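Examination of the molecular architecture
Residues per chain are reported as follows:
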Amino acid sequence: MGDVSRPKLCTAIPGMESRRLARELKKHEVPTVTWVTKKWPVFWRRAKGVHVWDVDGNRFLDLTSAFGVASLGHSHPKVTAAIRKQSRDLCHAMGDVHPAEAKARLCARLSEVTFERWTGGRGEGQAILCNAGFEAVEAALKTAKLFTRKRGVIAFEGAYHGLGYGALEATWRTDFRQPFLDQLGHFVEFVPYPREGAGEEALAAVEKRIRELAGNREIGAILVEPFQGRGGEVIPPAGFLPMLRRLCDRGRMLLIADEIYTGFWRTGKWFGVEHTKVVPDVVCLGKALSGTLPISACVGKSEVMGAWPESAGESLHTSTFLGNPLACAAALASLDVFESEAAGWNVMQKGGVLLDELRRRLGAHPAVKDIRGIGLMAGIEFVAGAKRMPSVLCERLLARGILALPSGSRGEVLGIMPPLVMNGETLQWAAGEIADFGFRISE
Ligand SMILES: Cc1ncc(COP(=O)(O)O)c(C=O)c1O
């Protein structure tokens, strides 16, 4: 998985073939889906490790892990071998009726890496497998309703939990919500997500607001990202999750940790909650769980998940592809790699190198408001009204052979989410490119 960081570009970006495909796509895909401009996108043909190749033969360094999925690097040999092996035997089964054996093994593994680890073997977890991340969030919301019999949920300003109707209700961004507002369930109350360094008062204000809401309304759960991802790589104060845990314990509310973005070593530990001693009641997993095929999971403490009625022939929550054997095999192989290799990736140390380099080069730049991160999720926040926004910077970086994405509710953050296997030298080089090349044009 050698990191050869220099970009290798054969053609202008996007090249001829990418532009042809973009024109074709514009005719046949609803145009709300793919962002197409003269400078974006490139169409991928293959990917390996930290690199992606497009249809015109250009090679890119991936600072996105393709939405945080390819934490192990693209096409990890152990994961692709597991998919190949599984595909020879069984590609689809009957998830909630006659399941694949891989489903049973995955549910047991998910219990092991979450509640059994968190409780030193005293507790266990039970899972509902899903396909996309938002479905895992919706399974968690349904769990809270069944367990507490209370319909209300507290979520946070800046939160991103996905775009299905249930998850959208808990997603903060008005641009996603507005067109469908009158169809949403209106069971979520938003409170501010405190930021590291905001001081004790900010945390106390959040606590006060939650207490008020929980006192006046039927609130059954707090849904939280341990670190906000798409909200702009936001780091809360250390006391935030412990405070939520206390409030949940006192108010008969479930603490649901959405680890879809932060899970599987992204922040330098198996899960983001492990930066504290907090054990959530339910955890939502996705993205890097399989690193490849669509699969997600809502895993809860067994006592909590016991609120779901036992199937008597018809499942209360299922879907056609639930427990798909290929996706389960990919997830099992990924979990093995995380277990045996992730500690050696030095994610925290490399994240420190990345942040130091970004701060050294850009800390005093007038367009930069903040540079922050934990593990290998980092963000550069721009000042309001900066002449160029991260989206422009991303276009420029693409032309330079680097894949990056804007983040934050207003696209005000340049997000940096490299595969966790990227080496420190390459990260330093990438930080230099962002500073030297990206920012030269973004004053
Ligand atoms: C924290 C979090 N939750 C949920 C989701 C939704 O996942 P999906 O896009 O797979 O539905 C995302 C996606 O970015 C996410 O970051």
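Quick caveat, the model's predicted, so the values are computed rather than measured. (Residues numbered from 1 in each chain as written. Predicted model: local features only at pLDDT ≥ 70, side-chain atom pairs only at ≥ 80, totals over all residues. Heavy atoms only, no water.)

1. Here's the deal with empty space enclosed by the protein
Within this structure, the stated rule accounts for one cavity of 30 Å³ or more. One number sums up the size of the largest cavity: a volume of about 40 Å³. Along its surface, the largest cavity is lined by V69, A70, S71, L72, G73, H74, S75, H76, V79, G291 and T292. (1 Å grid on protein atoms, 1.4 Å probe; cavity = no way out; pocket = protein on both sides within 12 Å on 5 of 7 lines; lining within 4 Å. Points joined across faces, edges and corners; volume = space filled by probe spheres on them.)

2. What to know about the site of the ligand
With respect to spatial proximity, the complete set of residues near the ligand consists of A132, G133, F134, Y160, H161, G162, E225, R230, D258, I260, Y261 and K287. Here an oxygen atom of the ligand sits 2.8 Å away from a polar atom, N or O, in the main chain of G133. Between a nitrogen atom of the ligand and a side-chain N or O atom of D258, the distance comes to 2.6 Å. Protein coverage of the free-state accessible area of the ligand, which is 390 Å², stands at 84%. Taken together, the residues of the shell around the ligand sort by class into five nonpolar, three polar and four charged. (Near = heavy atom within 4 Å. Polar contact = N/O pair within 3.5 Å; in protein donor to acceptor, adjacent residues only side chain to side chain. Areas by Shrake-Rupley, 256 points an atom, 1.4 Å probe, with all protein chains shown as cover. Nonpolar A, V, L, I, M, F, W, Y, C, P; charged D, E, K, R; others polar.)

3. Observations regarding the layout of surface pockets
Here the second largest pocket is characterised by a volume of approximately 550 Å³. Looking at the second largest pocket, it is lined by 18 residues, and the ones nearest its centre are A127, I128, W308, S315 and H317.

4. Some details on unusual backbone geometry
Cis geometry marks the peptide bond from I13 to P14, where omega comes out at -15 degrees. Structurally, P14 is set in the segment before α1 (16-28). Residue P41 is bonded to the preceding W40 through a cis peptide linkage, with omega at 0 degrees. Residues other than glycine seldom take positive phi values, yet N346 does so here, at roughly 55 degrees. The residue N346 is located in the loop between α11 (325-341) and α12 (347-362) in this model. (Helix = DSSP H or I, 4+ residues; strand = E, 2+ residues; numbered from the N terminus.)

5. Here's the deal with the domain arrangement of the protein chain
We note that the domain assignment places domain 1 (16-62 + 346-441) and domain 2 (80-342) within the protein chain. On a C-alpha basis, the centres of domain 1 and domain 2 stand 27 Å from each other. Tallying the contact residues gives 21 residues for domain 1 and 23 residues for domain 2. Together domain 1 and domain 2 conceal approximately 1600 Å² of surface at their shared face, both sides included; 57% is due to carbon and sulfur atoms. The largest share of the area that domain 1 buries against domain 2 comes from I374, M377 and S409, three residues that together contribute 38% of it. On inspection of domain 1 and its partner domain 2, the count reaches one salt bridge. (Domains from an automatic or database assignment. Contact = heavy atoms within 4.5 Å. Buried area = accessible area lost by both parts, 1.4 Å probe. Salt bridge = Lys/Arg side-chain N within 4 Å of Asp/Glu carboxyl O.)

6. Let's talk about the environment of R209
Within the element layout of this structure, R209 appears in helix α8 (residues 200-216). The partly exposed category is assigned to R209, whose relative accessible area is 33%. (Buried < 20%, exposed > 50% of the residue type's maximum accessible area, 1.4 Å probe, protein only.)

7. Brief notes about the nonpolar core
F156, F240, L244, F338, I380 and I434 are the most contacted members of the largest nonpolar core, which totals 99 residues. Here this core takes ten residues from α11, the largest share from any one element. In this structure, this core is formed jointly by two domains, domain 1 (16-62 + 346-441) and domain 2 (80-342), each of which donates at least three residues. Excluding anything up to four places from it in sequence, F240 contacts F156, Y193, P194, L203, V206 and V224. (Core = buried A, V, L, I, M, F, W, Y, C linked by side-chain atoms within 4.5 Å.)

8. Thoughts on the sheet that holds strand β10 (residues 296-301)
With mixed pairing, the seven strands of this open sheet are ordered in space as β4-β10-β9-β8-β7-β5-β6. Only two strands of the sheet have a single partner each, and these edge strands are β4 (125-130) and β6 (188-191). The average undirected angle you get between the axes of adjacent strands in this sheet is 20 degrees. Here β4 runs beside β10; their pairing, made up of six bridges, is antiparallel. Its bridge partner lying in β10, A127 is registered against V299. In the packing of helix α5 (residues 133-148) onto the sheet, contacts are made with β4, β5 (152-156), β7 (219-224), β8 (254-258), β9 (282-285) and β10, and the angle to β8 comes to roughly 175 degrees. Relative to the sheet, helix α9 (residues 240-251) contacts β5, β7, β8 and β10, its axis offset from that of β7 by approximately 165 degrees. (Pairing = 2+ DSSP bridges. Axes fitted to C-alpha atoms, helices over the stretch in contact; angles between N-to-C directions.)

9. Concerning the pairing of strand β12 (residues 377-382)
Most of β12 sits out of view: six of its six residues are buried. Alternating residues of β12 divide into M377, G379 and E381 and A378, I380 and F382, and every residue in both groups is buried. Bridge count for strand β11 (residues 368-374) against β12 is six bridges, and the pairing is antiparallel. Considered in β12, the bridge of D370 is made with E381. Here β11 hands over to β12 after two residues, with G375 in that stretch at a positive phi of 60 degrees. Inspection of the sheet shows β12 paired to strand β15 (residues 413-416) by four bridges, in the antiparallel sense. Paired with A378 across the strands is I416, a residue of β15.

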